[in-house]
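Coordinate analysis (summary)
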Amino acid sequence: VLFRSPERFLNYLPHMAIVKLDKISSKCRPVFDASAKNEDGISLNDNLLSGPKTQNSIAYLMLHLRLNPVVLISDVQRMYYSIKYLEEVNFEQTKMTNLRDLYRFLWSKDANQQPDAYSFSSSLIGGTDSPFISAATINHHLNHIIKSTQDPEVIEVAQMIKVRLYIDDLILALKDIKEAIKSREIISHIFESMGMRLTKFISNSAELLATIPEADRAPISDTPIQFQPDKEADNFGLPVSKNTKVV
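Below you will find a few notes about this structure. (Residues numbered from 1 in each chain as written. Predicted model: local features only at pLDDT ≥ 70, side-chain atom pairs only at ≥ 80, totals over all residues. Heavy atoms only, no water.)

What follows deals with the overall build of the chain. A count of helices and strands for the chain gives 6 helices and 10 strands. Residues classed as buried in the chain amount to 34% of the 247 residues present. Counting contacts in the chain only where the partners sit at least 6 residues apart, residues at least 24 apart contribute 60% of the total. (Helix = DSSP H or I, 4+ residues; strand = E, 2+ residues; numbered from the N terminus. Buried < 20%, exposed > 50% of the residue type's maximum accessible area, 1.4 Å probe, protein only. Contact = heavy atoms within 4.5 Å.)

Listed below in C-alpha cells is the structure:
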C-alpha cells in the first residue's frame, strides 16, 4: 500500500504466517512480501537496488570443503535482524524523512481490535537489497578489524570469513584440529564484536565439537558428520559452460 503525499512516502508490507511444526526452532514465523504490487503494479522490491554479488558461489565453497580434512559449518543467528536501518537519510537524494517508512506493516495481538502500525528497524528478510546489505555490513566490519588489529591470527581468520561466508552460513575446511579449535574461538569473538552470534555449529570432528558450547551446536551435532565416499560409485559434478576453458 502506497500512501500518496508530496512530502512523505509510506509503504505497508503484507504478511502471512508460515507454520512448520517439524522445525526445531521457530515453528511459526511471519513472512513479509516485499514483492507484493500495489494498485499501480509497483512493489517495494521493484524500487530497491539488489547491489552487486559479493560472495563466492556455493560450487566454490563445496570444492573448498574437499581441500582440508576438518569441516566446520555454522549459521549467523538472525543475521538480517542484527543490521539496523537508518532513520534519518539524505532528503535531497531520497525525498524521504525516514527510511523506515518504506518498511511499515500492520499488526494486532487481538484479531478483534484495529491493528497498529509498525515499521522494521532491522533489515527485511525478503527485501531484494538485504543480501547485499548484510554482506556489505559484515565486510565493512571485517575490513575494520583487519586494518586495526596487529594480531596475525585474527587478520588471517577475518580474511577467511570474507571468502567463506555464503548468505548467513559460514563454510570452512581446516587443515587440523588445533587450527580448527583456535579459528572457531576467533570467529565467534569477531562476530560477537559485530553484535552477531554464530550458532548451529556442525563438524565432522567429535573432538572439535566437544570444545563448542552445547547451546551453540546444531541439535544434530552430538555425533560428527559421517562421510565415507564410495570411490567406485560416488560422483561430484558441476555445470560447465561450453565457453569455459578447462585447464
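Read on for the rest.
A few words now on the side chain of Asp216. In this structure, Asp216 sits in the segment after α6 (206–209). The residues contacting Asp216, other than those within four sequence positions of it, are Arg197, Leu198, Thr199, Lys200 and Phe201.

Bringing the packing of helix α3 (residues 130–148) against helix α4 (residues 152–164) into the picture now. The relative placement of two packed helices comes down to the angle between their axes together with the axis-to-axis distance. Look at α3 against α4: their axes get within 9 Å of each other, and the N-to-C directions meet at 160 degrees. Taken together, the axes of α3 and α4 lie roughly antiparallel to each other. Handedness of the α3/α4 crossing: left-handed. Residues Asn139, Leu142, Asn143, Ile145 and Ile146 of α3 form the contact with α4, whose participating residues are Val154, Ile155, Ala158, Gln159, Ile161 and Lys162. Of the residues belonging to the contact of α3 with α4, the class tally is 7 nonpolar, 3 polar and 1 charged. (Axes fitted to C-alpha atoms, helices over the stretch in contact; angles between N-to-C directions. Parallel < 35°, antiparallel > 145°, perpendicular 65-115°, else oblique. Left-handed = near helix turned anticlockwise from the far one by under 90°. Nonpolar A, V, L, I, M, F, W, Y, C, P; charged D, E, K, R; others polar.)

An ideal rise of 1.5 Å per residue puts 27 Å on 19 residues; α3 measures up with 27 Å between its terminal C-alpha atoms. Among all positions of α3, only Ser130, Ser134, Ala135, Ile138, Asn139, Leu142 and Ile145 are buried. In an axial view of α3, the angular spread of the buried residues amounts to 160 degrees, which keeps them on one side of the axis. Turned more than 90 degrees away from the buried face of α3 sit His140, His144 and Lys147, all of them exposed. Considering only its buried residues, α3 is in contact with α4, β8 (165–166) and α5 (177–193). (Expected span 1.5 Å × (residues − 1). Arc of directions from axis to C-beta.)

This part takes up the nonpolar core. Counting residues in each nonpolar core, the largest one holds 31 residues, and the members touching the most others are Ile138, Ile161, Ile187, Ile190, Phe191 and Met196. Of all elements in the fold, only β5 (70–77), α3, α4, β9 (169–174), α5, β10 (197–203) and α6 reach the threshold of two or more residues within this core. A total of 6 residues in this core trace back to one element, the largest contributor, which is α5. Of all hydrophobic cores here, the second largest spans 12 residues; its members include Leu13, Met96, Leu102 and Tyr103. (Core = buried A, V, L, I, M, F, W, Y, C linked by side-chain atoms within 4.5 Å.)

Moving on, we come to the side chain of Ser74. Considering the arrangement of structural elements, one finds Ser74 in strand β5. Under the relative-accessibility criterion, Ser74 is labelled buried at 3%.

The next thing to look at is a nonpolar patch on the surface. Taken together, Met16, Ile18 and Val31 make up a surface patch of nonpolar side chains, about 240 Å² in accessible area. Position of Val31 relative to the elements: it lies in strand β4 (residues 28–32). (Patch = residues over 30% accessible without salt bridge, like charges linked within 9 Å, V, L, I, M, F, W, Y side chains within 5 Å. Areas by Shrake-Rupley, 256 points an atom, 1.4 Å probe, with all protein chains shown as cover. Salt bridge = Lys/Arg side-chain N within 4 Å of Asp/Glu carboxyl O.)

At a minimum axis separation of 10 Å, α4 and α5 run at an interaxial angle of 75 degrees. Accordingly, the angle class assigned to the pair α4 and α5 is roughly perpendicular. Of the residues in α5, those touching α4 at Glu153, Val154, Val157, Ala158, Met160 and Ile161 are Lys182, Ser183, Ile186, Ile187, Ile190 and Phe191. A class-by-class count of the residues in the contact of α4 with α5 yields 9 nonpolar, 1 polar and 2 charged.

Tracing the backbone through its elements, the reader meets Glu179 in helix α5. When its relative accessible area of 22% is taken as the criterion, Glu179 is described as partly exposed. Placed 109 residues apart in sequence, Glu179 and Val70 show a C-alpha to C-alpha distance of 9.3 Å.

In this section: the packing of aromatic side chains. In total, this model carries 6 aromatic pairs according to the counting rule given. Ring plane angle 25 degrees and centroid distance 6.5 Å describe the contact between Tyr81 and Phe120, whose orientation is recorded as stacked. Here Tyr81, found in the loop between β5 and α2 (91–94), pairs with Phe120, found in the loop between β7 (116–119) and α3; they are 39 residues apart in sequence, far enough to count as distant. Ring centres of Phe105 and Phe120 lie 5.3 Å apart, and the angle between their planes is 50 degrees; on these two criteria the pair is classed as tilted. Pair noted here: Phe105 is in strand β6 (residues 104–107) and Phe120 is in the loop between β7 and α3, with a separation of 15 residues, a long-range link. The structure contains a cluster of three or more aromatic residues connected by ring pairs, namely Phe32, Tyr81, Phe105, Tyr118 and Phe120. The ring of Phe201 has Arg184 lying over it, and the distance from NZ or CZ to the ring centre is 5.8 Å. (Phe/Tyr/Trp six-rings, centres within 6.5 Å; stacked < 30°, edge-to-face > 60°. Lys NZ or Arg CZ within 6 Å of the ring centre and 35° of its normal.)

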